[in-house]
Amino acid sequence: MTSTKKRIAAALTATILSATLATPTIAAEAPAIRVSSYKGSTLEVGERSGLIIGPSGTEYAVTSSDPNTVAVEQIMTFWVAVAKTEGTVEITASNNAGGRGSMTLTVGSTAPAAPEAPASGDSASLTDNLEIRQEMIRLINQTRKDNGVSELPVNDALMNAAQVCSNRRYTWHHAPEESQAAVDAGYPYGFGDNLTVFTGTVDAAQHAVENWINSPGHFETMIDPRCDCIGVGVTQYDGITYCYMFVGIPNSVNFYA
């Protein structure tokens, strides 16, 4: 009887071991990669647009499904899409951890309509200094991540509003004008904003974000957990750099809207 029990126990052990060995190993899922374009999903022939890739703080490889339609270029730590001919492509970003993300870019007419001059008389382009602005967003999101709050996606309206304000070369906050700029750009809610102005144009993104980190009020705005999107503006004129950060606060009110 004891011998029979031993044989049954041995058989059960072998069955359990076999089942355990047969269980497939589940690989850890690589984190998703977010890919977007400063100028949206539609470009004109000859247009360039910075790519926003997240999470920040990681090196990415970026490819285009058709480089003859849209090429991608790396400029220092930034990636830029260059529209060459009409068509549609898939832009894909990947990292060493196996993460992948993509977006679709469509290139339209070779004869874009002439842009209208801003009603305020701002003369600089809303797409100026895209590489500096992309680096500023990366550094801000890294600061937020380091302080336990979520990274922020780019909001086109806030990008335009922030650039309009930096183009005006304000050296102190003009609350009514800043609020109106957000409304005019199409952002309907309240927001927080930071401004910094300094002499020099080298390492501008790093300089701006360090200024805000070292100022308690500006730092609190930068890491505000209520915010859900971001836009930045950079203007360099006569050796001076003007930087704005707008962070959107949903369910709040812009009294100029």
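Anyway, here's the lowdown on the structure attached to this text. A quick note: this is a predicted structure, and the numbers were derived from the prediction, not measured.

1. Details of the pairing of strand β11 (residues 240-253)
- Of the pairings in the sheet, the one linking strand β9 (residues 189-199) to β11 comprises eleven bridges and is antiparallel in character. In the strand pairing of β11, Phe198 is matched with Thr241.
- By the bridge criterion, nine bridges tie strand β10 (residues 229-237) to β11 in an arrangement that is antiparallel. Residue pairing in the sheet places Gln236 in a bridge with Thr241 of β11.
- Counting the residues in the hairpin turn of β10 and β11 gives two residues, including Asp238, whose phi is positive at 55°.

2. Quick word on the sheet that holds strand β7 (residues 87-94)
- If you walk across this open sheet you meet the four strands as β2-β8-β7-β4, and the pairing is mixed. Here the strands that pair on one side only, and so sit at the sheet edges, are β2 (42-43) and β4 (61-64).
- Judged from the two bridges that link them, β2 and strand β8 (residues 100-107) form a sheet pairing that is parallel. Across the sheet, Leu43 pairs through a bridge with Val107, a residue of β8.

3. A word on the nonpolar core
- Judged by nonpolar contacts, the single largest core of 24 residues is most densely connected at Met136, Ile140, Ile230, Val232 and Met245.
- Mapped onto this core, the elements with two or more residues apiece are α2 (130-146), α5 (204-213), α6 (216-222), β10 and β11.
- Ranked by residue count, the leading element in this core is α5, at five residues.
- Residue contacts for Ile140: discarding those within four places in its chain leaves Val209, Trp212, Met222, Ile230, Val232 and Met245.
- With 17 residues, the next largest nonpolar core counts Val35, Ile53, Ile91 and Ala93 among its residues.

Rules used in this analysis
Residues numbered from 1 in each chain as written. Predicted model: local features only at pLDDT ≥ 70, side-chain atom pairs only at ≥ 80, totals over all residues. Heavy atoms only, no water. Pairing = 2+ DSSP bridges. Helix = DSSP H or I, 4+ residues; strand = E, 2+ residues; numbered from the N terminus. Core = buried A, V, L, I, M, F, W, Y, C linked by side-chain atoms within 4.5 Å. Buried < 20%, exposed > 50% of the residue type's maximum accessible area, 1.4 Å probe, protein only. Contact = heavy atoms within 4.5 Å.

It is worth stressing that arrangement in space is one thing and function is another; only the former is reported here.
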